[in-house]
Amino acid sequence: MAETDKDDLVTLLQEDDQVEDIPDKLPLLPVRDVVIFPDMVLPLYIGREKSIQAVEAAMETDRMLFLATQKDPSLEEPKPDDIYRVGTVCRILRVLKLPEGHFKVLIQGLEKGKVYRFTAKKYFYNVKINLIPDISYESIEVEHQALMRNIRENCEKILNLRGEYTSEIGMLLEDIEHPGKLADLVSSNLKLKIEEAQSLLEVSDPIDRLRRVNDFLSREVELSAVQAKIQSDVRDEISKSQRDYFLREQVRAINRELGDDEKTEEVSEYRKRLKQAKLPKGPAKEAEKQLKRLEQMHPDSSEATIVRTYLDWLVELPWSKTTKDFLDISRVKKMLDTHHYGLKNVKDRILEYLSVRKLNPKKKGQILCFVGPPGVGKTSLGQAIATAMNRKFFRFSLGGIHDEAEIRGHRRTYIGSMPGRILQGLKQCGSKNPVFMMDEIDKIGSDFRGDPSAALLEALDPEQNVQFSDHYLNLPFDLSNVLFILTANLTDTIPSALLDRMEVVHLSGYTTEEKQIIAKTHLLSRKKDECGLSESDIKISDRALNQIITEYTSEAGLRNLERELGSICRKAARRIAEGKKPPFQITRGNLQNYLGIPKFLPEMDQEESQVGLATGLAWTQAGGEVLYVEASLLEGKGELIITGQLGEVMQESARAAFSYARSRRQDFGLKKNFFENLDIHIHVPAGAIPKDGPSAGIAMATALISALTHRPVNTYVAMTGEITLRGRVLPIGGLKEKSIGALRSGIKTIVIPEKNKNELSEIPKSVRRKIKFVPVRSIDEVIAIAVGEDLIPSSDKKSAAKKR
């Protein structure tokens with residue numbers, strides 16, 4: 001039985017008795033394995049449907065319930081005859097709603113009562129009760145006082161035997177002067193059977209109840225005494241074990257005299273294993289030193305265990321074991337193309353590394369860092385590279401690591417110390433030239449335990465990792481043959497010293513055409529295999545697949561697309577299991593039957609061009625996206641209002657755009673002091689997402705000029721570029737990702753800075769076919785393309801016309 005919380009009970013008993021109006025009709029809550037006594041405070045877990053409804057009904061009225069115990073605890077839906085008639089009226093003190101609709105309820109016993117009628121049985125039991133007050137005594141006789149004292153002393157004996165007695169508990173027992181309250185308190189904390197506790201509850205004479213409690217308490221004193229004796233015998237047994245230890249030591253001494261020395265055999269076994277491990281000169285010398293120490297130690301000493309663990313690590317590390325690289329370049333290329341579609345830059349870099357390795361086998365290992373949005377295949381590409389090169393593969397995530405010891409290990413002075421994750425991976429691989437993948441390098445942390453990124457500086461430097469030193473081994477280990485591959489979503493949070501040691505390879509998001517090819521050649525067949533479907537069981541049309549990509553996912557990678565295809569395959573598998581015959585043809589017409597309504601609609605939320613609304617482009621960790629910039633004019637005092645959780649750089653871009661508009665007011669047909677009676681509000685939705693960066697400068701200027709001149713901005717033109725006070729358009733980053741994001745949103749024309757023109761060759765041909773890229777040098781050319789040529793001086797119209 002759960003024990004009553006002591007602090008709650010002390011508070012309860014110290015309060016003045018409160019007279020409560022207890023109704024004669026209450027919801028019934030049957031309980032199992034516990035009998036509730038008056039003044040008892042107890043938490044209960046409520047999971048049965050009728051019990052939940054009873055609690056809810058009580059909470060809607062006076063928070064009172066009638067709790068009665070089930071005769072058979074195994075019954076899930078007890079009938080009236082399965083519940084004891086005598087129970088306790090309880091008040092709900094606190095209710096905590098748990099998952100799956102269950103409750104955790106804190107209740108307090110108020111008065112005993114007896115059920116004389118069940119008035120409702122459909123949803124939960126409502127019962128009519130009669131309260132059962134204790135028989136009152138005008139005075140407590142000496143015999144009764146002696147009985148109460150005996151109970152207090154027995155309680156103290158039990159608690160002393162258990163080591164749980166405190167002065168607060170003694171004061172609590174002394175303060176209770178009412179025989180019935182003392183009996184109820186002790187009864188609620190005794191480990192009684194349900195029948196015994198129920199029989200106590202049904203006794204209305206407090207003196208009689210006190211006598212019965214005393215009988216149970218005397219039995220508990222005897223049980224506690226026997227339990228204490230058992231614990232004492234256990235301690236004696238431990239002493240006997242120590243004696244046996246000394247006897248075993250004497251036996252070992254006799255065995256040594258006979259020439260049967262286990263320690264000598266252990267040392268010989270270690271020497272044999274160390275010879276097979278082919279340790280370099282320095283580690284071999286340290287191993288011999290530790291072996292001599294082990295010979296002089298007692299075999300059962302704690303220090304000997306530490307030395308054994310250290311020697312085990314020395315012999316199990318791959319000091320000289322390597323796997324032979326697979327250097328057939330054309331075959332490796334074919335294997336990489338089989339596992340991953342596209343990713344030309346990454347594949348070329350791996351093939352270049354293998355080509356150099358083929359011509360110069362002594363070439364040191366490389367440190368590559370794959371940077372790209374989630375779901376583009378960075379991690380799986382590392383596994384494919386290991387398979388293509390015939391190397392072992394080990395991966396661990398750096399995300400959330402704060403302890404330097406995770407990288408370089410703990411020193412042997414600590415109990416349970418062990419090497420860092422790098423040497424653990426090498427031991428697991430069993431070779432010194434694996435492909436070692438470290439995921440999420442951009443999410444590594446640091447705190448008072450050290451900076452893991454600083455510990456990686458040595459491991460990820462080809463000039464230093466020949467002599468990598470782990471704190472646990474305290475010996476140099478050669479990591480120069482390891483091919484380190486790191487992954488990140490962005491490079492901003494990677495320390496500059498660490499980033500300088502890595503060769504960064506950028507992976508952009510996939511276009512719609514690339515996703516269609518990957519879905520057909522890789523994802524769909526994989527999901528069919530997982531769901532037990534054959535190739536002919538389900539067919540997805542090209543138009544339906546394109547709709548899945550554009551309307552049910554919105555990502556640079558492929559994870560959500562894979563989930564949606566998996567959902568279709570699972571529904572097809574269910575239909576087959578229900579007896580329906582395949583094949584199932586998935587088309588645009590029936591796609592909603594499998595995936596529901598579309599989750600993502602095109603970003604172009606305006607059907608027509610609007611005044612004061614320009615479309616910019618943004619780069620995020622998940623790829624490129626469109627970014628709307630809204631400008632509005634209000635009556636005011638010339639203030640510039642900027643909203644949308646914009647960072648400092650973006651706010652400065654808005655001010656620069658405003659200053660540019662003021663400087664060109666005559667060209668735009670504006671009055672000299674047009675801004676004095678106007679407030680200009682620039683907003684970039686969505687307001688809950690933080691944004692920063694200078695690339696939205698020309699979009700802000702275009703939206704502002706559109707609002708000032710009341711001329712709409714072309715809805716199919718997006719723009720990206722930084723603006724200066726003189727109207728020059730400066731270059732930006734992430735053009736490839738922004739272009740792919742613009743294509744997903746239905747953009748037809750993108751205005752880019754002139755200095756980004758050379759990056760167009762890196763944009764996929766499928767994107768360049770569908771989007772027109774217009775390089776510009778000044779904001780005048782942007783205004784001419786997006787708003788209208790008549791807003792710019794005649795000298796700039798010719799160049800703007802050429803751009804168009």
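Residues numbered from 1 in each chain as written. Predicted model: local features only at pLDDT ≥ 70, side-chain atom pairs only at ≥ 80, totals over all residues. Heavy atoms only, no water.

Turning next to unusual backbone geometry. For the bond running from Pro-582 to Pro-583, omega is 5 degrees, close enough to zero to count as cis. With respect to the helices and strands, the residue Pro-583 is situated in the loop between helix H20 (559-577) and strand E15 (584-586). For Glu-100, which is not glycine, the phi torsion reads 65 degrees and is therefore positive. Mapped onto the fold, Glu-100 is located in the loop between strand E4 (86-97) and strand E5 (103-120). According to the relative accessible area criterion, Glu-100 is exposed, its value standing at 74%. (Helix = DSSP H or I, 4+ residues; strand = E, 2+ residues; numbered from the N terminus. Buried < 20%, exposed > 50% of the residue type's maximum accessible area, 1.4 Å probe, protein only.)

With that settled, consider the confidence of the model for the chain. Confidence in the prediction of the chain, expressed as mean pLDDT, is 82, and 90% of residues score 70 or more. Across residues 1-19, confidence stays below pLDDT 50; counting only partners more than four residues off in sequence or on other chains, it has 32 contacts. (pLDDT = per-residue confidence, 0-100. Contact = heavy atoms within 4.5 Å.)

With that settled, consider the state of the cysteines. Counted under the stated rule, the structure contains zero disulfides. In this model Cys-569 remains outside any disulfide bridge; the closest cysteine sulfur is found in Cys-531, 5.1 Å from its own. (Disulfide = S-S within 2.5 Å.)

Quick look at the packing of aromatic side chains now. On inspection of all chains with the given rule, the structure shows seven aromatic pairs. Seen in terms of ring centroids, Phe-118 and Tyr-125 are 5.5 Å apart; in terms of plane orientation they differ by 80 degrees. Their pairing is edge-to-face. Pair check on accessibility: Phe-118 and Tyr-125 agree, each one buried. By way of ring pairs, the aromatic residues Phe-394, Phe-396, Phe-436 and Phe-484 are connected into one cluster. Arg-412 extends its terminal NZ or CZ atom over the ring of Tyr-310, reaching a point 3.9 Å from the ring centre. Its guanidinium or amino end placed over the ring of Trp-313, Lys-427 lies 4.1 Å from that ring's centre, counting from NZ or CZ. (Phe/Tyr/Trp six-rings, centres within 6.5 Å; stacked < 30°, edge-to-face > 60°. Lys NZ or Arg CZ within 6 Å of the ring centre and 35° of its normal.)

Residue placement: Glu-551 occurs in helix H19 (residues 542-551). It is Arg-588 that comes nearest to the buried, bridge-free Glu-551 among opposite-charge side chains, at 4.4 Å. The residues contacting Glu-551, other than those within four sequence positions of it, are Arg-588, Pro-598, Lys-599 and Phe-600. (Lys, Arg positive; Asp, Glu negative; His and termini not counted. Salt bridge = Lys/Arg side-chain N within 4 Å of Asp/Glu carboxyl O.)

We now examine the packing of helix H9 (residues 281-296) against helix H10 (residues 302-316). At a minimum axis separation of 10 Å, H9 and H10 run at an interaxial angle of 150 degrees. Viewed along their axes, H9 and H10 adopt a mutual orientation that is roughly antiparallel. Read as a crossing pair, H9 and H10 show a hand that is left-handed. Along its contact with H9, which presents Glu-286, Ala-287, Gln-290, Leu-291, Arg-293 and Leu-294, the element H10 presents Glu-303, Ala-304, Val-307, Arg-308, Tyr-310, Leu-311 and Leu-314. Class assignment of the residues belonging to the contact of H9 with H10 gives a composition of eight nonpolar, one polar and four charged. (Axes fitted to C-alpha atoms, helices over the stretch in contact; angles between N-to-C directions. Parallel < 35°, antiparallel > 145°, perpendicular 65-115°, else oblique. Left-handed = near helix turned anticlockwise from the far one by under 90°. Nonpolar A, V, L, I, M, F, W, Y, C, P; charged D, E, K, R; others polar.)

With that settled, the discussion passes to the sheet that holds strand E8 (residues 393-397). The strand order across the open sheet formed by five strands is E8-E9-E12-E7-E13, and the pairing between neighbours is parallel. If you trace the sheet from one side to the other, it starts and ends with E8 and strand E13 (503-506), each paired once. Strand-to-strand, the axes of this sheet are offset by a mean angle of 20 degrees, without reference to chain direction. Summarising the sheet, E8 and strand E9 (residues 435-439) pair through five bridges and their orientation is parallel. In the sheet register, Phe-396 faces E9, and the bridge partner there is Met-438. (Pairing = 2+ DSSP bridges.)

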